[in-house]
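Summary of the model geometry
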Amino acid sequence: MSELSPLTGEALHALRDEFDADGTNRLAMNAVTAAGIEKVARNYDRARLLQRRFSTVVDNGEATHQDRSGRCWLFSSLNVARFIAKKNMNLKEFEFSQNYAMYYDKLERVNYFLKDVAALVAAGEPADSRLMQHLLADVMGDGGQWTMAMNVYKKYGAVPKDLFPETESSKNTGAMNTQLRHLLHTAVAHLYAAAGDQAKTDEIVAETTAAGHRILTIHLGEPPVSFDWEWTDADGEFHRDGEITPVEFWQKYVGPAGLEDYVCLVDDPRAEHAKGKKIGIEHLGNVAGGDATEYLNVPNQFMKDCVRKILVEQGIPVWFGADCHPFMDRENGSWATDLFEYGKVYDVDFDLDKEARVRFADSAMNHAMAFAGVDVADDGTTTRRWRVENSWGAKIADKGYFTMSDDWFTEYVYEVAVPKAMLPEEYQKALEEPATMLPAWDPMGALAK
């Protein structure tokens, strides 16, 4: 490799002269140092014209709050489920226990990770390989996907939040995750030391799983295996189910909606990944024996059409994943591709399109939410803007609900979960074909947090 050329004093002096020669640079510096880039770059006209009015609104009540955790994928999937449960029980307000869902997701991930890594070690995977280092770095975060959430609900069901409430560690997962990560890193070291000894390998996996269960229970509490369910509905009528298990509760009040049969559609903009084909991510999952984390790659417009139809015709929220950070006004709850004019402040042309942003690590899905409304033009099909139920609490945006411009959907929404029955015949057939498997570190394997 040739020697890298240094930044010389002469070059630095020229950069300073160039900066000072343009008076707008100093004006921008004065503004940004005093007020911050978000306030200076904010497009006033775009912000005031992005209206919070929608032709279809799905009211899901008070916005939830994931606090200092990366559980958005659980919150958003349970927000879809709670809408259905509220309707089935005639309740104005209701919330599922996100702590319960996280408990079993993490317990299952301990088992999934240990079994996956044990198999890799047995197959001779080097400890310093890109794959092993990726798995070690990524282990025991909070992020996830729709299919992973459904794996948890199908196996463990769900419980009302007041029967398994939040704990200090569910609201702020950092310390717990650090200890779980340390536990699993230690186990991997022991698995490599025991390579070739199946009995010792099995012992390490069993002991580590037991330790993971112990740590989770200490941090999150012991989840109920059954409970008595009673409630008073919106009309003041009292109801009693008696003793019910979490799986029975889920099947009774959410199951009829068929969420477990939904399909994940993605917009992978890279030219080498054909539309209408299925893709999957190697080593990505949470429940061993559960459904694989796979997606059907489709045009972005098809995703929009599906979401619009569900909101307008079925009247239920729709789970989706997006890169939430670009052009976001968090406080006011807005997204639009021209909401901030960073390029004009810096005199830089940020010209990457969606494909280039994915290819060069500038964008990937990182947050999951639920569509809870849409504004459709008079032609009945053209979407103008979207209402979004977030999980960042009710003190920001429109009581926790955000507004998304349609062009932002095009550029930064990557994934939606829709009923399989909505898909045309060619897409239905594509689901029956084997998925093209992408490596564990592929951007389409990014997890919502």
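Residues numbered from 1 in each chain as written. Predicted model: local features only at pLDDT ≥ 70, side-chain atom pairs only at ≥ 80, totals over all residues. Heavy atoms only, no water.

**Things to note about the overall build of the chain**
- Secondary structure summary: the chain contains 17 helices and 14 strands in total.
- Considering only residue pairs separated by 6 or more positions, the chain has 77% of its internal contacts joining residues 24 or more positions apart.
- Put simply, the chain shows about 21,200 Å² of open surface, and 51% of that area lies on carbon and sulfur atoms.
- Charged side chains in the chain number 47 positive and 71 negative. The centres of these two groups are separated by 4 Å. (Helix = DSSP H or I, 4+ residues; strand = E, 2+ residues; numbered from the N terminus. Contact = heavy atoms within 4.5 Å. Areas by Shrake-Rupley, 256 points an atom, 1.4 Å probe, with all protein chains shown as cover. Lys, Arg positive; Asp, Glu negative; His and termini not counted. Charge placed at Lys NZ, Arg CZ, Asp CG, Glu CD.)

**A word on the packing of aromatic side chains**
- Applying the stated criterion across every chain, the model contains 29 aromatic pairs.
- Taking 5.7 Å as the distance between ring centres and 55° as the angle between the ring planes, the aromatic pair formed by Trp146 and Trp319 counts as tilted. Residue Trp146 is located in helix α8 (residues 146–156), and its partner Trp319 is located in strand β7 (residues 318–322); the two are separated by 173 residues in the primary sequence. As far as burial versus exposure is concerned, Trp146 and Trp319 are alike and both buried.
- Ring geometry for Phe371 against Trp386: centres 5.1 Å apart, planes inclined by 50°, an arrangement best described as tilted. Here Phe371 is found in strand β10 (residues 367–376), whereas its partner Trp386 is found in strand β11 (residues 383–389), with 15 residues between them in sequence. Here the two residues Phe371 and Trp386 agree in accessibility, since each one is buried. (Phe/Tyr/Trp six-rings, centres within 6.5 Å; stacked < 30°, edge-to-face > 60°. Buried < 20%, exposed > 50% of the residue type's maximum accessible area, 1.4 Å probe, protein only.)

**Here we look at the nonpolar core**
- Leu259, Leu265, Phe371, Met404 and Val413 are the most contacted members of the largest nonpolar core, which totals 134 residues.
- Of the residues forming this core, the biggest block, 13 residues, is contributed by helix α6 (residues 98–122). (Core = buried A, V, L, I, M, F, W, Y, C linked by side-chain atoms within 4.5 Å.)

**What to know about the UniProt feature "active site" (unreviewed entry) in the chain**
- Within the UniProt annotation, "active site" (unreviewed entry) is assigned to Cys72, His367 and Asn390. In sequence the annotated residues extend across 319 residues, while in space they remain close, none of their C-alpha pairs exceeding 9.5 Å.
- Along the chain, Cys72 falls in helix α5 (residues 72–89).
- Apart from the residues lying within four places of it in its own chain, the contact partners of Cys72 are Gln66, His367, Ala368, Ser391, Ala448 and Lys449. (UniProt positions renumbered as here; feature names shortened; annotations may be inferred.)

**Overview of the pairing of β7**
- Where burial is concerned, most of β7 is hidden: 5 out of the 5 residues are buried.
- Here β7 shows no split at all, with Val318, Phe320 and Ala322 on one side and Trp319 and Gly321 on the other all buried.
- Two elements, β7 and β10, share 5 bridges in a ladder whose sense is antiparallel. When the sheet's bridge partners are listed, Gly321 is paired in β10 with Ala368. (Pairing = 2+ DSSP bridges.)

**Let's talk about the layout of surface pockets**
- In this model, the largest pocket occupies a volume close to 610 Å³.
- Lining the largest pocket are 31 residues, with His134, Asp138, Leu284, Gly445 and Leu447 sitting closest to its centre.
- Contributions of two or more residues to the lining of the largest pocket are made by α6 and α7 (130–138).
- In terms of residue count, α6 provides more of the lining of the largest pocket than any other element does, 4 residues in total.
- Residue composition of the lining of the largest pocket, grouped by class: 16 nonpolar, 8 polar and 7 charged. (1 Å grid on protein atoms, 1.4 Å probe; cavity = no way out; pocket = protein on both sides within 12 Å on 5 of 7 lines; lining within 4 Å. Points joined across faces, edges and corners; volume = space filled by probe spheres on them. Nonpolar A, V, L, I, M, F, W, Y, C, P; charged D, E, K, R; others polar.)

**Description of the side chain of Asn300**
- Its place among the elements puts Asn300 in helix α13 (residues 300–314).
- Setting aside anything within four residues of it in sequence, one finds Asn300 in contact with Asp267, Lys354, Phe409, Thr410 and Val413.

**Quick look at the state of the cysteines**
- The final tally for this structure, using the stated rule, is 0 disulfides.
- Not engaged in a disulfide, the cysteine Cys306 finds its nearest cysteine sulfur in Cys264; these two sulfurs lie 12 Å apart.
- The class of Cys306 is buried, set by a relative accessible area of 3%.
- Sulfur of Cys324: no disulfide; nearest cysteine sulfur belongs to Cys72 and is 7.9 Å away. (Disulfide = S-S within 2.5 Å.)

**A look at a nonpolar patch on the surface**
- Taken together, the side chains of Leu7, Leu12 and Leu15 present a nonpolar region at the surface, about 290 Å² in accessible area.
- Structurally, Leu7 is set in the segment before α1 (9–21). (Patch = residues over 30% accessible without salt bridge, like charges linked within 9 Å, V, L, I, M, F, W, Y side chains within 5 Å. Salt bridge = Lys/Arg side-chain N within 4 Å of Asp/Glu carboxyl O.)

**Re empty space enclosed by the protein**
- This structure, assessed with the given rule, holds 1 cavity of 30 Å³ or more.
- Considered as a void within the structure, the largest cavity measures approximately 50 Å³ in volume.
- Considering the residues around the largest cavity, the lining is formed by Gln145, Val266, Tyr295, Met365, Tyr414, Glu415, Pro443, Met444 and Ala446.
- In terms of residue class, the lining of the largest cavity is built from 7 nonpolar, 1 polar and 1 charged.

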